[in-house]
Amino acid sequence: MFRDDEIEITFYRSSGPGGQKKNVTESAVRVRHIPTGIIVVQTASRSQHRNKALALEELARRLAARRRRPKPRVPTRPSKA
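Now for a look at the structure at hand. If you're wondering where the values come from, they're calculated on a predicted model, not measured in any experiment.

1. Re the overall build of the protein chain
- A count of helical and extended segments in the protein chain gives two helices and three strands.
- Along the protein chain, helices and strands appear, N-terminal first, in the series β-α-β-β-α.
- Its C-alpha atoms give the protein chain a radius of gyration of 20 Å, clearly above 12 Å, the size a compact globule of 81 residues would have.
- Taken along its principal axes, the extent of the C-alpha atoms in the protein chain is 70 × 35 × 15 Å.
- When burial is assessed residue by residue, the protein chain has 23% of its 81 residues classed as buried.
- Considering only contacts in the protein chain between residues 6 or more positions apart, those separated by 24 or more positions represent 39%.
- Accessible area for the protein chain stands at about 6,600 Å²; split by element, carbon and sulfur atoms hold 50% of it.
- For the protein chain, the distance from the average site of its 19 positive side-chain charges to the average site of its 7 negative ones is 13 Å.

Following this line, the structure appears as structure tokens:
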């Protein structure tokens, strides 16, 4: 999908409620696609590996949506009604 030199991955401590586990682990993941500037942040899981996988999936989804071309509209005649 994308090369390793096109993405920048950073890990950090997420904020918000979550207690002791969230306060001491750097489980939040930020993935930046350098050519397009798309940034995906994932903090859903307490696992860094799971957050990284989810962030990469979301980045692939956003890049696919960006590449998608809309179908051209075919003009039609109005009905008699």
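2. As for the sheet that holds strand β1 (residues 7-12)
- Spatial ordering of the open sheet is given by β1-β2-β3, a layout of three strands whose pairing is antiparallel. Whereas interior strands pair on both sides, the edge strands pair on one side only; in this sheet they are β1 and β3 (38-42). For this sheet, the mean angle separating the axes of adjacent strands, direction not counted, is 15°.
- Bridging between strand β2 (residues 28-33) and β3 involves five bridges; their strand directions are antiparallel. Within β3, the position partnered with valine 29 by the bridge is glutamine 42.

3. Comments concerning the pattern of salt bridges
- Summed over all chains, the structure comprises five salt bridges.
- With its nearest N and O atoms 3.7 Å apart, the salt bridge here joins glutamate 6 to arginine 3.
- With a closest N to O distance of 2.3 Å, glutamate 58 and arginine 61 form a salt bridge. With glutamate 58 and arginine 61 both in helix α2 (residues 48-67) and three residues apart, this pair spans about one turn of that helix.
- Judged by its relative accessible area of 49%, arginine 61 falls in the partly exposed class.

4. Comments concerning α2
- Here α2 contains 20 residues, and its C-alpha end-to-end distance of 29 Å stays within 8% of the 28 Å for a straight helix at 1.5 Å per residue.
- Among all positions of α2, only Asn51, Ala55, Leu59, Ala60 and Leu63 are buried.
- Elements that come into contact with the buried residues of α2 comprise β1, β2 and β3.
- The N-cap residue of α2 is serine 47: its side-chain oxygen and the backbone nitrogen of histidine 49 are 3.4 Å apart.

Scoring rules and cut-offs
Sequence order sets the numbering: in each chain, residues are counted from 1 along the sequence as written. Only residues with pLDDT of 70 or above have their local features reported here, since the model is predicted, and side-chain atom pairs are shown and tallied only from 80 upward, although totals for entire chains, interfaces and linings are computed over all residues. Derived side-chain values reflect all non-hydrogen atoms in the structure, with water molecules and hydrogen atoms excluded from consideration. By definition, any uninterrupted DSSP run of H or I lasting at least four residues is a helix, any uninterrupted run of E lasting at least two residues is a strand, and each is numbered from the N terminus. Radius of gyration: over C-alpha atoms. The globule rule applied is 2.2 Å multiplied by the number of residues raised to the 0.38 power. Only protein chains enter the accessibility calculation, which uses a 1.4 Å probe. A residue is then buried if its area is under 20% of the maximum for its type, exposed if over 50%, and partly exposed in between. Whether two residues touch is decided by their heavy atoms; if any such pair falls within 4.5 Å, the residues are in contact. Values of accessible area rely on a 1.4 Å probe in the Shrake-Rupley scheme; residue burial ignores everything except the protein chains shown. Neither His nor the chain termini are counted; the positive set is Lys and Arg, and the negative set is Asp and Glu. For the purpose of locating charges, the reference atoms are NZ of Lys, CZ of Arg, CG of Asp and CD of Glu. What makes two strands pair is DSSP finding at least two bridges between them. Note on method: axes are straight lines fitted to C-alpha atoms, helices fitted across the in-contact stretch only, with angles between N-to-C directions ranging 0 to 180 degrees. Salt bridge, as applied in this entry: a Lys or Arg side-chain nitrogen positioned within 4 Å of an Asp or Glu carboxyl oxygen. Any helix carries an expected span of 1.5 Å times its number of residues minus one. Pairs of N or O atoms within 3.5 Å make up the polar contacts considered here, provided that, within protein, one atom can donate a hydrogen while the other can accept it, and that residues adjacent in sequence are counted only when both atoms are side-chain atoms.

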